[in-house]
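# Analysis of the macromolecular model
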Amino acid sequence: MTDTTAYAALQDRVLVVGGGDGDDSNAADEWTTDERLVGRDLQCVAASPDRPDRAFVGTVESGILRTADGGDTWDRVAPDIDDRVTSLAVSPHDPDVVWAGIEPSRLYLSEDGGDTWEARPGLVDLPSADDWWFPPRPDSHRVRSIEVSHDDPDRVYAGIELGAFVVSTDRGETWSEDVPGARVDAHQIVTHPDDVDRMYVAAGHGYAESHDGGRSWSQPDDLLPEESHHLWSVAPDPGDPDTILTSTSEDAFTAHFDEADATIHRYQGDGAWEALDDRGIPTGEGVRAAVLAPGREAGEFYAVNNYGIYRTGDAGDAWTRLDVDWPTKFETQDPRGFAVVL
């Protein structure tokens, strides 16, 4: 297995995890962990496998922070952007193209790796904008997720929490919310790495998937238990676009707070949803919603929750906890973002 770098954003620090270059990817001597940005209020993280030493973190009080040396040092970029940065995405076409979403909902674009940023106008001019609201702060709303189409660098999707699923076909010059079947509370939007027509959404009210590059969506979650219809993160199997894993809970309280009671479900395109309990990764009472990321090989996924970082090589049947430092104080932390660069 070749080197892996992961940036795991908890509530008040980033864990920079590196290693996994031996036959046993979970061996203690194969992994290192460094804590960075301790004490910051973190919201999201993004990185590109084309530039694994560079990552971006969105914060509440410090805007966008960037590292260019694998997490050793971080500097604030885009000082004019509103402090509360709630989503980030690096284009799969060019690692220098970076998107940022904020609260209240606005989008910004950098085309030089974060050195300069430009506002993308028109988002709040959409017809539904007056009805957008974020439940903890009802007079506000935020861009919770961003995804750049893998077959068109100018096509960008964004999820507004709460109220809209929007798309631009001209790199953010104009926006539309005419997306049939889309979930309007998209916590995460992802594209399959090898099948650009396949896209997936984990939303506050369920799951959605697209077979035409995000132009239309279906919601095949009828058989997902009612107490699991709050989805936080989703990741597709690198070797099988019909297989996805998603973190599930009853609501935001059981996903992120002291009432935590989250699990992971697997869906394989047949209508059935399987809870992955008792598979080596903690689920249930006390467990906060995991943030998921696909690996490189078929069946390979990574997950971070409040009990550690985990890897599976068989699409969730069995998980192994990576032997990284995980003190008990992390068990009350809510995972905010996870970028695995392979």
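Here goes a summary of the coordinates provided. (Residues numbered from 1 in each chain as written. Predicted model: local features only at pLDDT ≥ 70, side-chain atom pairs only at ≥ 80, totals over all residues. Heavy atoms only, no water.)

### A word on the environment of Pro127
You can see Pro127 is positioned in the loop between β11 (118–120) and β12 (142–148). When its relative accessible area of 73% is taken as the criterion, Pro127 is described as exposed. It is 9.4 Å that separates the C-alpha atoms of Pro127 and Ser176, two residues lying 49 residues apart in sequence. (Helix = DSSP H or I, 4+ residues; strand = E, 2+ residues; numbered from the N terminus. Buried < 20%, exposed > 50% of the residue type's maximum accessible area, 1.4 Å probe, protein only.)

### What to know about the packing of aromatic side chains
Counted under the stated rule, the structure contains eight aromatic pairs. A ring pair is formed by Tyr267 and Trp273, whose centres lie 4.6 Å apart and whose planes are at 20°; its orientation type is stacked. Residue classification places Tyr267 among the buried residues on the basis of a relative accessible area of 3%. Of the aromatic side chains, those joined through ring pairs into one cluster are Tyr157, Phe165 and Trp217. (Phe/Tyr/Trp six-rings, centres within 6.5 Å; stacked < 30°, edge-to-face > 60°.)

### A short note on the sheet that holds strand β26 (residues 319–321)
The four strands are arranged β23-β24-β25-β26 in an open sheet whose pairing can be described as antiparallel. Looking at which strands have only one partner, the edges of the open sheet turn out to be β23 (291–294) and β26. Direction aside, the axes of adjacent strands within the sheet are offset by 25° on average. In the sheet, strand β24 (residues 301–305) pairs with strand β25 (residues 308–312) via five bridges, with the strands oriented antiparallel. In the strand pairing of β25, Phe301 is matched with Thr312. (Pairing = 2+ DSSP bridges. Axes fitted to C-alpha atoms, helices over the stretch in contact; angles between N-to-C directions.)

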